[in-house]
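Given next are the chains, with one letter for each unit.
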Amino acid sequence: MRTVDVAPINLDRLDHLIGPERWAQVQRGVQAARAGLDGRVFWHVSSTATGGGVAEMLQILLAYVRGTGIDARWLVLDCPGPFFSITKRLHNALHGVPGDGGPLGEQERSRYEAALAPNAEDLRSRLGPGDVVQLHDPQTAGLIPHLADRGVSVLWRSHIGCDKTNEHTARGWAFLEPYLREAQAVVVSRPVYAPPSVPRERVVVIAPSIDPFAAKNAPIPNGDVQRTLVRAGVVEGMDDALEVRFPRRDGSTGTVRRHTGAMVAGGPVPADTPYVLQVSRWDRLKDMPGVMRAFIGNADARAAAHLVLAGPAVEGVSDDPEGVEVLQECVQLWEELDPAGRARVHLAALPMDDVDENAHIVNALQRAAAIVVQKSLQEGFGLTVTEAMWKSRPMIASAVGGIQDQIEDGVSGLLLADPSNLAGAGQLMARLLTDDALAAQLGARARERVYQQFLPDRHLLQYERLLAAMPLAPRPPGGTTT
Ligand code: UDP
């Protein structure tokens, strides 16, 4: 397994933002957590350090936890490609869809377990008595039984789920069920996402959060938004060569480089053109092609807006085997548009070789968007939704999964009741593109909603309560962990 270095961030920077009452609560929580953990290491294991919401969130949360003096550490699985084809199948199944339609039988189970075995060995060798281990998502669930005799506390957090159970969710949970028995607690983003086999008293609901100071969300001076987009090759314009800086997660400052290869289709967006944006991994459940279809013929006729579909450069996300195919499908769909359509739709695959720069580019894209869309077919909890809401962007998103907890329909965004209703999605886009007052009002309420519900202080306090409620595995008296 690979260790992901996370530089500590001092929680103090939240102080002014959240006000004295919330700040006092956080301080009390931190004290209690430190006393409760009493020197135990809080380990996290996930399948990737970059790309996707889990990596995004762990990076921030662990940085804050480390900033409190708690020893939080992050390990990433080392598994071969075929393992991720099986886990992507599991991911799709838990979202209630067939995915590639392949089996999740005994053969897949053997391969899954064989790929995890060396990781389990590695993990066991690192743990000290009493440590707390949180494993993230289906990729890591198979590690749980390996930890049972290690004298540690084991949590499993699932970041995905489906509002309704069906044969696919049943198949996914049946695969995972044997591993989950020995987890002390299971953390999910919504109550309905709880694994059916896990008793309710072991399930804890904690919704994700975003960091307002990270490169993804930090304020960007006005001129730098445009400058960033021009330099990234996403928007046309003269590059004035002034330096554009962004905060790095290690506390240093980065500088935006010049990119030429980000646009996969449609070239850069013409200067001063309003655009509708969806940012996502190239995952079928995000329905990037559906956003394109909804825009063309519905939203494009009503306003002079363009559409930007942006995701990671596909070689940059190692645990997502679907990425290349989905991007290719989008390119093909774009090629089938008429010339007017092709001129208004832009596909961007953003460089991932520098994750902080990538985050800054996404930040600029979200800030400059007229409307942000998240037309997912399923969504555990859409960080992209919270990110855009924090930037006061008017949002249109599917009424699925965690998005229903994030957006209050008509108040802090507009919900699309049926995500397969492409004409309906296009009409909502047209409505917001032509009603500036409504767009501004939704954007302002969106930011307020994130301020109240989805910042790290709420998230950290929920963890403190979870750990306080759990009987932690004992530490040897006076012992230290490795
Ligand atoms: N993201 C990114 N660059 C990209 C595409 C996505 O940084 O090119 C980020 C996005 O901003 C968000 C995360 O990846 O922070 C996606 O999280 P979300 O919960 O929306 O979806 P997931 O990928 O976890 O299904």
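Structure shown above.
Since the model is a prediction, treat every value here as computed from it, not as a measurement. (Residues numbered from 1 in each chain as written. Predicted model: local features only at pLDDT ≥ 70, side-chain atom pairs only at ≥ 80, totals over all residues. Heavy atoms only, no water.)

Caption draft 1: Examining the sheet that holds strand β4 (residues 132–136) more closely. Spatial ordering of the open sheet is given by β1-β3-β2-β4-β5-β6-β7, a layout of seven strands whose pairing is mixed. Looking at the sheet topology across the chains shown, the edges are occupied by β1 (2–4) and β7 (203–205). Neighbour to neighbour, the strand axes of the sheet diverge by 25 degrees on average, direction disregarded. Where strand β2 (residues 42–46) lies against β4, four bridges are found, and the strand directions are parallel. Bridging across to β4, Trp 43 finds its partner in Val 133. Packing against the sheet, helix α2 (residues 53–67) makes contact with β1, β2, β3 (72–76), β4 and β5 (153–158), and its axis sits at approximately 155 degrees to β3. (Pairing = 2+ DSSP bridges. Helix = DSSP H or I, 4+ residues; strand = E, 2+ residues; numbered from the N terminus. Axes fitted to C-alpha atoms, helices over the stretch in contact; angles between N-to-C directions. Contact = heavy atoms within 4.5 Å.)

Caption draft 2: Here's a closer look at the site of the ligand. Neighbouring the ligand are 19 residues; Gly 53, Arg 281, Lys 286, Leu 383 and Glu 387 lie closest to it. Between the ligand and the protein, one listed contact pairs an oxygen atom with a side-chain N or O atom of Lys 216 at 2.9 Å. Phe 381 is positioned with one of its backbone polar atoms (N or O) 3.1 Å from an oxygen atom of the ligand. Within the complex, the protein chains bury 91% of what would otherwise be the 540 Å² of accessible surface of the ligand. Counting only elements with at least two residues in the shell around the ligand, the list comes to α2, β12 (306–312), α12 (355–368) and α13 (383–390). Residue composition of the shell around the ligand, by class: six nonpolar, seven polar and six charged. (Near = heavy atom within 4 Å. Polar contact = N/O pair within 3.5 Å; in protein donor to acceptor, adjacent residues only side chain to side chain. Areas by Shrake-Rupley, 256 points an atom, 1.4 Å probe, with all protein chains shown as cover. Nonpolar A, V, L, I, M, F, W, Y, C, P; charged D, E, K, R; others polar.)

Caption draft 3: Representation of the pairing of strand β13 (residues 345–350) within the structure. The buried fraction of β13 is high, at six of six residues. The two faces of β13 match: Val 345, Leu 347 and Ala 349 on one face and His 346, Ala 348 and Leu 350 on the other face are all buried. In terms of strand pairing, strand β10 (residues 263–265) meets β13 through two bridges, oriented antiparallel. Bridged to Ala 265 within β13 is Leu 347. Pairing analysis gives six bridges linking β12 to β13, with the strands arranged parallel. Looking across to β13, one finds that Val 308 is bridged to His 346. (Buried < 20%, exposed > 50% of the residue type's maximum accessible area, 1.4 Å probe, protein only.)

Caption draft 4: Representation of the packing of aromatic side chains. Inspection of the entire model under this criterion finds eight aromatic pairs. Aromatic rings pair up to connect Phe 83, Phe 84, Tyr 112, Phe 175 and Tyr 179 into one cluster. The cationic tip of Arg 447 hangs over the ring face of Trp 390; the distance from NZ or CZ to the ring centre is 3.7 Å. (Phe/Tyr/Trp six-rings, centres within 6.5 Å; stacked < 30°, edge-to-face > 60°. Lys NZ or Arg CZ within 6 Å of the ring centre and 35° of its normal.)

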